[in-house]
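A structural walkthrough
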Amino acid sequence: MAFNKKTIEDIDVSGKKVLVRCDFNVPLKDGHITDENRLIGALPTIKYLIQNDARVILCSHLGKPKGEPKPELSLEPVAERLSEMLKRKVVFAADDNVVGENAKRAVRNMKDGDVILLQNTRYRIEETKNEDSFSKELASLAEIFVNDAFGTAHRAHCSTVGVTKFLSTAVCGYLIQKEIKFLGDAVENPKRPFVAILGGAKISDKINVINNLLEKVDVLIIGGGMSYTFSKAQGHTVGNSMVEEDKIKYAKEMIDKAKSRNVKLLLPLDNVVTDKFDANAKPIVTETEDIGDGYMGLDIGPKTCKLYESTIAGAKTIVWNGPMGVFEFKNFAGGTFAIAKAMSESNAATIIGGGDSAAAVNQFGFGNKMTHISTGGGASLEFLGGKKLPGIEALNDK
Ligand code: AMP
């Protein structure tokens, strides 16, 4: 896919104050970062800017403080960890209003190659409303804007889009470039057979993705909670499984669309069911697609695993988003594990679309066996759904 946005390598950053929007929205437990993938993903851009004598002003959101300071959502632990990772001091500008006296002073005191990190941009109520007042304040700190926050590229906020109104030089960093390359190549220029695997709770979150991917793939594999709406649409019984009644018609349309485009649409042949939604519930394997009264499907069954594994083994490009079952419960993690393992053993280009599937792949220890694990769940879904991402659209064209 032709990527037509300017990158940090297309501009001169030396001696310039560069505001970099990163995605430091990392999980925290008792003030400690429990998954550093997003920090690791941000390092290449930060290192390039340091090496090229820029004055690097980092910003990000963390969680949902909803427009007010929440100490537990301060970015201070990120500044500390980044200092260790970069082996140089990352000055934390602890302003509750983000662009306050600390930030301004820190910027004034910067020398070429220095790095500072602003406070959580969502401490400001204007941030998620993309209001000019805060965009202007952010822009006033710098001469250049770099967006490298793939995980929030699908949101038009002050720090992703608004700021580009006030900083005419706005380019992307290496992480966004890499994400678009892998996701874009997979969808637009795949080696075939191209297999997409979709799972997770709901069809309604993935309507565009299913529709768009049916125009690109050779095989679409469906699992997880969303498979029961498809199953019901085909006339099977689903017991108490998760079903979106208002999406049955859509599921039928997608089954027809797959037929008319000669796309193989694979749905579970059997399921692992139980009678209550509980981590210790007893798993029972069904003989067929049908699920009896009083039971709910929480994972794909062994016959289905075999079919999906052999399909994966024959693929040249695989994109996966969404678990095959309630993988958080050990008794119902088997299907998601089987997919992750089969992908890790495949020679295909293997792309994980972020979110829960990324968490599952890392949890099972297959992370380093995949071609690309996206840092953005929502953003990669919107991209796979064929949508343009506003945080990327707003950047300068080449
Ligand atoms: P999503 O965010 O749509 O990718 O959904 C991920 C969530 O879907 C995970 O928390 C899974 O536990 C849940 N999930 C997957 N399969 C099922 C199922 N059969 N029944 C209920 N929840 C499911």
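An unreviewed UniProt entry annotates the chain as Phosphoglycerate kinase originating from Clostridium lapidicellarium. Comment text from UniProt for the chain, heading Subunit (unreviewed entry), reads "Monomer." UniProt, in its Sequence similarities (unreviewed entry) section for the chain, records the words "Belongs to the phosphoglycerate kinase family."

Considerations on the site of the ligand
As a structural note, the neighbourhood of the ligand is formed by 15 residues, with Ala201, Gly225, Gly297, Glu328 and Asp356 the closest of them. Here Gly225 contributes a backbone N or O atom positioned 3.1 Å from a nitrogen atom of the ligand. Gly297 places a main-chain nitrogen or oxygen 3.0 Å from a nitrogen atom of the ligand. The protein chains hide 81% of the 500 Å² of surface that the ligand would expose on its own. When grouped by side-chain class, the residues that make up the shell around the ligand number six nonpolar, five polar and four charged.

Structural notes on the UniProt feature "binding site: ATP" (unreviewed entry) in the chain
When the UniProt feature table is mapped onto this chain, "binding site: ATP" (unreviewed entry) is found at Lys206, Gly297, Glu328, Gly354, Gly355, Asp356 and Ser357. For the annotated residues, spread through 152 residues, the largest C-alpha to C-alpha distance comes to 23.9 Å, inconsistent with a single compact locus. Counting through the fold element by element, Glu328 comes out in the loop between strand E15 (317-321) and helix H10 (334-345). Residue class for Glu328 comes out exposed when judged on its relative accessible area of 54%. Looking at the element boundaries, Asp356 is found in helix H11 (residues 355-363).

Rules behind the numbers
Residues numbered from 1 in each chain as written. Predicted model: local features only at pLDDT ≥ 70, side-chain atom pairs only at ≥ 80, totals over all residues. Heavy atoms only, no water. UniProt positions renumbered as here; feature names shortened; annotations may be inferred. Near = heavy atom within 4 Å. Polar contact = N/O pair within 3.5 Å; in protein donor to acceptor, adjacent residues only side chain to side chain. Areas by Shrake-Rupley, 256 points an atom, 1.4 Å probe, with all protein chains shown as cover. Nonpolar A, V, L, I, M, F, W, Y, C, P; charged D, E, K, R; others polar. Helix = DSSP H or I, 4+ residues; strand = E, 2+ residues; numbered from the N terminus. Buried < 20%, exposed > 50% of the residue type's maximum accessible area, 1.4 Å probe, protein only.

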